[in-house]
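# A closer look at the structure
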Amino acid sequence: MAVQEPQTALDARTRVLPEAGVAAGAPVRQSSLWKDAWRRYIRNRGAVTAGIVFVLIVLYCFLIPGIWIIPGIWTDIIHDIDPFNVDFSQAYQGASLAHPFGTDAFGRDLFARAALGGQVSIEIGFAATLVILVVAIIYGGISGFAGGSLDNILMRFLDALYGLPFLPFAIITLAIVGTVNILTMVIALSIVSWFTDARVVRGQVITLKENDYVRAARAVGARWYRILGRHLLPNTLGILIISMFLSLPGVVLGEAFISFIGLGINPPDASWGAMANEGRDAYRSHPLVIVVPSLFIAALVLCANFIADGLRDALDPRTRET
């Protein structure tokens with residue numbers, strides 16, 4: 001004969017804990033690393049503000065260059081913002097409704113031209129950063145996972161490469177190639193910029209490969225490339241995202257410097273550095289020509305640094321709440 005549990009015992013097992021707001025014995029709500037990181041990131045006001053400004057700059061650069069081809073209200077509000085339309089009668093116009101940022105020496109609208117130049121600068125920045133990360137992942141991942149003599153040889157080779165100066169080597173690369181376009185700029189800016197990222201990836205892989213799940217994968221006979229690609233590299237994703245936003249400012253500034261000294265993107269195409277180069281001769285009488293691209297460069301670089309700092313705090317396991 002079954003013994004009935006007292007009603008008080010059943011009530012005790014199903015009672016609701018007032019401090020938790022859930023029934024006793026109910027499963028605890030699971031939370032992933034990325035959800036926790038997102039919650040911590042949005043609490044960082046500086047990083048959130050930088051992220052919003054960063055997105056607005058990107059949208060401005062990739063949406064504004066198409067406005068002049070839209071008929072109707074745009075042509076009534078903003079007159080002739082085609083960045084390639086040369087009109088010397090409109091040269092060096094001040095800021096107005098027709099030209100929000102004024103015009104340059106050729107009468108071209110700086111509002112649209114800054115967007116067009118930003119599009120080129122951002123494309124070069126992200127493309128070069130992606131190349132840097134790919135090379136760093138391959139080089140650092142193999143070095144850290146292999147260990148031993150191969151790791152020592154690869155790291156000593158990397159130490160020797162650290163002697164190559166970034167900007168002079170990029171300029172030499174462009175001079176050797178002979179043609180300056182987005183592709184050659186990406187190659188020149190990324191060819192000596194992946195060293196630090198490779199060391200970061202190597203350090204992460206060395207740390208992670210000692211974990212129990214890696215030992216278990218080896219015990220069941222998993223191949224080295226599966227362990228590296230399935231278990232180790234995905235767990236470095238957070239560090240890689242932070243590294244991307246840390247590398248982006250250096251690439252953007254490098255492109256701006258090379259274009260500013262006249263070795264970058266050639267007219268009629270533009271980048272923020274090339275626009276600053278065009279405005280340096282008239283910056284005393286017409287400061288907007290050089291101030292506009294310079295402010296965009298500064299804003300993008302500062303936002304990327306704030307985002308990287310916020311991501312570092314959000315993805316750092318030591319900041320996880322208990």
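The preceding data block contains the structure.
Quick caveat: nothing in here was measured; it's all calculated off a predicted structure. (Residues numbered from 1 in each chain as written. Predicted model: local features only at pLDDT ≥ 70, side-chain atom pairs only at ≥ 80, totals over all residues. Heavy atoms only, no water.)

What follows is about a nonpolar patch on the surface. Residues Ile52, Val55, Leu56, Leu59 and Leu63 make up a contiguous nonpolar surface patch of roughly 480 Å² in combined accessible area. Here leucine 59 shows up in helix α3 (residues 45–63). Of the residues examined, leucine 59 reaches a relative accessible area of 43% and is grouped as partly exposed. (Patch = residues over 30% accessible without salt bridge, like charges linked within 9 Å, V, L, I, M, F, W, Y side chains within 5 Å. Areas by Shrake-Rupley, 256 points an atom, 1.4 Å probe, with all protein chains shown as cover. Salt bridge = Lys/Arg side-chain N within 4 Å of Asp/Glu carboxyl O. Helix = DSSP H or I, 4+ residues; strand = E, 2+ residues; numbered from the N terminus. Buried < 20%, exposed > 50% of the residue type's maximum accessible area, 1.4 Å probe, protein only.)

This paragraph deals with helix α11 (residues 224–232). Listed in full, the buried residues belonging to α11 are Ile227, Leu228 and Leu232. When α11 is viewed along its axis, its buried side chains cluster within an angular range of 95 degrees and face the same direction. In this structure, the buried side of α11 is in contact with α5 (110–146), α9 (195–208) and α10 (212–219). (Arc of directions from axis to C-beta. Contact = heavy atoms within 4.5 Å.)

Now for helix α13 (residues 272–279). Buried residues dominate α13, accounting for seven of its eight residues. When we look at burial in α13, the residues that qualify are Trp272, Gly273, Ala274, Met275, Ala276, Asn277 and Gly279. Buried residues in α13 make contact with α3, α5, α12 (237–260) and α14 (288–315).

Its location among the elements puts serine 247 in helix α12. By relative accessible area, which is 13% here, serine 247 ends up buried. Along the primary structure serine 247 and alanine 308 are separated by 61 residues, whereas in three dimensions their C-alpha atoms are 9.6 Å apart. In contact with serine 247, other than residues within four places in its own chain, are Thr129 and Asp197.

Once their charged atoms are close, side chains differing in charge can pair, the charge on each being opposite to the other. Counted according to the given criterion, the structure contains ten salt bridges. The salt bridge partner of aspartate 104 is arginine 108, with a shortest N-O separation of 2.9 Å. With respect to burial, aspartate 104 and arginine 108 carry one shared label: buried. Two residues, arginine 156 and aspartate 159, come together in a salt bridge whose shortest N-O distance is 2.8 Å. Placement of both arginine 156 and aspartate 159 in helix α6 (residues 148–161) is noted, with a separation of three residues, approximately one turn of the helix. It is possible to trace a salt-bridge network through shared partners that takes in Asp104, Arg108, Arg113 and Glu278.

Another point: the side chain of threonine 173. With respect to the helices and strands, threonine 173 occurs in helix α7 (residues 166–177). In this structure threonine 173 comes out as buried when scored by relative accessible area, which is 10%. Filtering out sequence-adjacent residues up to four positions away, threonine 173 remains in contact with Ala188 and Ile191.

For the rest of this paragraph, the subject is the packing of aromatic side chains. Within this structure, the stated rule accounts for eleven aromatic pairs. Taking 6.0 Å as the distance between ring centres and 70 degrees as the angle between the ring planes, the aromatic pair formed by phenylalanine 54 and phenylalanine 245 counts as edge-to-face. On the criterion of sequence distance, the pair formed by phenylalanine 54 in helix α3 and phenylalanine 245 in helix α12 is long-range, its members being 191 residues apart. One exposure class covers both phenylalanine 54 and phenylalanine 245, and it is buried. (Phe/Tyr/Trp six-rings, centres within 6.5 Å; stacked < 30°, edge-to-face > 60°.)

Let's shift gears to the environment of valine 205. Along the chain, the position of valine 205 falls in helix α9. The class for valine 205 is buried, based on a relative accessible area of 0%. Between the C-alpha atoms of valine 205 and histidine 231, which are 26 residues apart in sequence, the distance is 9.8 Å. Setting aside anything within four residues of it in sequence, one finds valine 205 in contact with Gly141, Gly144, Phe145, Leu228, Leu232 and Leu233.

We now examine the nonpolar core. Residues Tyr60 and Trp272 are the most contacted members of the largest nonpolar core, which totals 35 residues. Among the secondary structure elements, those contributing two or more residues to this core are α2 (33–42), α3, α5, α12, α13 and α14. With 13 residues, α14 is the single largest residue contributor to this core. If sequence neighbours within four positions are ignored, tyrosine 60 has contacts with Pro65, Phe101, Leu110, Phe111, Ala114, Ala115 and Phe296. (Core = buried A, V, L, I, M, F, W, Y, C linked by side-chain atoms within 4.5 Å.)

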